[in-house]
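Below are the chains, spelled out letter by letter.
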Amino acid sequence: MKWKQAIISLLVILASAGLTLVMVLKPREILPVESPELIPSVQCVLAQAGMQRALLTSQGNLRSKNEITLSSQVDGVIVEMAETFAVGSVFEKGDVLLRIEKNHYEHAVAQAQGQLAAAELKLAQVEAEGEVAVRDWQVLKDMVELTPSPLMLKEPQINEARQSLAAAKASLRSAEFDLEKTIIRAPFTGKLLKKMMGTGQFVRRGEPLATMYESETFEVFLPITMRELGFLSSPAGKTAGKLSSAVEVDLFAEAGGQRWQWTALAKRLSASVEANTGVIFLIAELPRKMRQDQGNDEEMLEPLPGMYVEAEIRGKSWAESIVVPRSALGPEKKVGVVGSNDQVHLRDVEVGQLLGDQAILIGGIKDGERVVAMFREIPFDGAKVLPMMVENSVGP
């Protein structure tokens, strides 16, 4: 019986070995399994054509367009000083600021008036003598052959008297001018920056009395690069430093926890380019009338020299342009456009301006096309994608 079991076990082993050999020599054919196609999804924005304007940002400090040093035009002692002749005080054009002792100048006017009266009398006398000389010559000319000399007719004396009269009149005008200038008036409406003299102090002609600025018009020098200069709607023309038309500039200042805004006008550029930085200055002016037109002057923030302002310069505009996220713009100014068959294709575009997180495209894209919002999501040119439309947060 044992030998039968041994034979059976041997047969099982041989059968297993044979089956294994068959499987190794003739492997079973594995049928391929089709997997579903994986289509990547991309975020797209809808291109909307419209008017877009280039915007430049800059900053600067306000300054008065007219800041002067007030000087005395006569010598003398300051005898009176107005309350408005104080640092920070506001004065109007024509207000009396200082008075200089005038007795000496009143005396000079009186002397000049006396000299004028004497010159008028002298002229009247010599003119009368000249008339007599002419009548005498009229009587004598028929009796003798005589040619009268200018001296005989009192012509040199009359000319001298006339010159003396003109000099006397000029002396009187000069004396009256000096007397008038003992009263020092404000040349414009503005504020006092610095006072250099006080009551009782002797001043000489031409000596500085104070520095002051006119509050009628302020200006700010805004640095821009030469490349940014091309974004202005009216770049410099043939007249150096002058724009062909005014450029609107929005100025912003922080004060009292509020953000204040004025709209200024820029009509000119600085005379040269800064050698160290390569920038040129756009000069924006803010007249009082423009400030009043923009709101109640009493409620608006008063501009002051040295005040820091930020600026948004309104540049040229493009009628049919499209704004897309800056992330949509790839290398070499390409964007991805998804067609009707949901295939994405790379397209060359013309960029008007890159500003912050947006790009203004002025060519290469049509209104209503689907633009890939993130250029890096594009697998390759011609790839099949699943477009997912998102809101164009930087669009018009």
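So, here's what we can say about the structure.

What counts and what doesn't
Residues numbered from 1 in each chain as written. Predicted model: local features only at pLDDT ≥ 70, side-chain atom pairs only at ≥ 80, totals over all residues. Heavy atoms only, no water. Helix = DSSP H or I, 4+ residues; strand = E, 2+ residues; numbered from the N terminus. Buried < 20%, exposed > 50% of the residue type's maximum accessible area, 1.4 Å probe, protein only. Contact = heavy atoms within 4.5 Å. Areas by Shrake-Rupley, 256 points an atom, 1.4 Å probe, with all protein chains shown as cover. Pairing = 2+ DSSP bridges. Core = buried A, V, L, I, M, F, W, Y, C linked by side-chain atoms within 4.5 Å. Expected span 1.5 Å × (residues − 1). Salt bridge = Lys/Arg side-chain N within 4 Å of Asp/Glu carboxyl O. Axes fitted to C-alpha atoms, helices over the stretch in contact; angles between N-to-C directions. Phe/Tyr/Trp six-rings, centres within 6.5 Å; stacked < 30°, edge-to-face > 60°. Lys NZ or Arg CZ within 6 Å of the ring centre and 35° of its normal.

**A look at the overall build of the protein**
Working step 1: Within the protein one finds five helices and 21 strands.
Working step 2: When each of the 396 residues of the protein is scored for burial, the buried share is 34%.
Working step 3: Taking all contacts inside the protein whose residues are at least 6 apart in sequence as the whole, residues at least 24 apart take part in 75%.
Working step 4: Accessible surface, the protein: about 24,200 Å² in total, of which carbon and sulfur atoms supply 54%.

**Overview of unusual backbone geometry**
Working step 1: Residue Lys333 is not a glycine yet carries a positive backbone phi of 55 degrees.
Working step 2: Looking at the secondary structure, you find Lys333 in the loop between strand E15 (308-325) and strand E16 (334-338).
Working step 3: Overall, Lys333 belongs to the partly exposed group, its relative accessible area being 49%.
Working step 4: The backbone of Asp342 shows a phi angle near 60 degrees, a positive value even though the residue is not glycine.

**Some remarks on the sheet that holds strand E9 (residues 202-203)**
Within a sheet, each strand pairs with its neighbour through backbone hydrogen bonds, oriented either parallel or antiparallel.
Working step 1: Across the sheet, which stays open at both edges, the four strands sit in the order E7-E6-E4-E9 with antiparallel pairing between neighbours. With partners counted over all chains shown, the strands left at the sheet margins are strand E7 (183-185) and E9, one partner each.
Working step 2: As defined by bridge partners, strand E4 (residues 76-81) adjoins strand E6 (residues 96-100) across three bridges and the pair is classed as antiparallel. Each residue of the ladder has a partner; that of Met81, found in E6, is Leu98.

**Looking at the side chain of Thr182**
Working step 1: Its location among the elements puts Thr182 in the loop between helix H3 (155-180) and E7.
Working step 2: By relative accessible area, Thr182 is classed as buried at 2%.
Working step 3: Those residues in contact with Thr182 that lie beyond four places of it in its chain are Val74, Leu98, Arg99, Ile100, Glu101, Lys102 and Tyr105.

**Here's the deal with the nonpolar core**
Working step 1: Core analysis: the largest hydrophobic core is formed by 32 residues, its most contacted members being Leu222, Leu232, Val249, Leu251, Trp262, Leu282 and Ile313.
Working step 2: Of all the secondary structure elements, the ones that give two or more residues to this core are strand E2 (49-64), strand E11 (217-225), strand E12 (242-255), strand E13 (258-269), strand E14 (279-287) and E15.
Working step 3: The next biggest cluster of nonpolar side chains, apart from the first, holds 18 residues, and it includes Ile78, Phe91, Leu97 and Met197.

**Brief notes about the pairing of strand E18 (residues 350-355)**
Working step 1: Taken together, the five bridges between E18 and strand E19 (residues 358-363) define a ladder with antiparallel strand orientation. Within E19, the position partnered with Glu350 by the bridge is Gly363.
Working step 2: In this antiparallel pair of consecutive strands, E18 and E19, the connection spans two residues, and Gly356 shows a positive phi of 65 degrees.

**What to know about H3**
Three or four residues apart is the spacing at which side chains of an α-helix point the same way, because the helix has 3.6 residues per turn.
Working step 1: With 26 residues, H3 extends 37 Å between its outermost C-alpha atoms, agreeing within 8% with the 38 Å of an ideal straight helix rising 1.5 Å per residue.
Working step 2: By the burial criterion, the buried members of H3 are Ile158, Ala161, Leu165, Ala168, Leu172, Ala175 and Asp178.

**Thoughts on the pattern of salt bridges**
Close approach of charged atoms lets side chains of opposite charge pair.
Working step 1: Per the stated rule, a full pass over the model turns up 16 salt bridges.
Working step 2: A salt bridge links Glu369 to Arg347; the nearest nitrogen and oxygen atoms lie 2.7 Å apart. Taken together, the positions of Glu369 in the loop between E19 and strand E20 (370-372) and Arg347 in strand E17 (residues 344-348) put the pair 22 residues apart, joining distant regions of the chain.
Working step 3: Residue classification places Glu369 among the buried positions, given a relative accessible area of 18%.
Working step 4: One salt-bridge network, in which partners are shared between bridges, spans Lys65, Glu219, Arg268 and Glu285.

**Focus: the environment of Ser233**
Working step 1: Relative to the helices and strands, Ser233 resides in the loop between helix H4 (226-229) and E12.
Working step 2: The exposure class assigned to Ser233 is partly exposed, which follows from its relative accessible area of 41%.
Working step 3: For the pair Ser233 and Ser317, spaced 84 residues apart in the sequence, the C-alpha separation amounts to 7.4 Å.
Working step 4: Not counting chain neighbours up to four residues away, the residues in contact with Ser233 comprise Val247, Gly315 and Lys316.

**A word on the sheet that holds E20**
Working step 1: Spatially, the five strands line up as an open sheet ordered E17-E16-E20-E1-E21, and their pairing is mixed. In this open sheet, the two edge strands, each paired with only one partner strand, are E17 and strand E21 (386-389). Adjacent strand axes in the sheet meet at a mean angle of 45 degrees, parallel and antiparallel pairs treated alike.

**A short note on the environment of Gln73**
Working step 1: Structurally, Gln73 can be placed in the loop between strand E3 (67-71) and E4.
Working step 2: Residue classification places Gln73 among the partly exposed positions, given a relative accessible area of 37%.
Working step 3: As a C-alpha pair, Gln73 and Thr182 span 109 residues in sequence and 8.0 Å in three-dimensional space.
Working step 4: Look past the residues within four positions of Gln73 in its chain and what remains in contact with it is Phe177, Lys181 and Arg205.

**Concerning the packing of aromatic side chains**
Working step 1: Applying the stated criterion to the full structure yields three aromatic pairs.
Working step 2: Taking the ring centre of Phe221 as reference, the NZ or CZ of Arg63 above it sits at 4.2 Å.

**Some thoughts on the pairing of strand E1 (residues 41-46)**
Working step 1: One ladder, built from four bridges, connects E1 with E21; its direction is parallel. Pairing of Gln43 across the sheet is with Met388, part of E21.
Working step 2: Here three bridges tie E1 to E20, and the two strands are oriented antiparallel to one another. Across the sheet, Val45 pairs through a bridge with Val371, a residue of E20.

What is shown is where atoms sit, not what they do.
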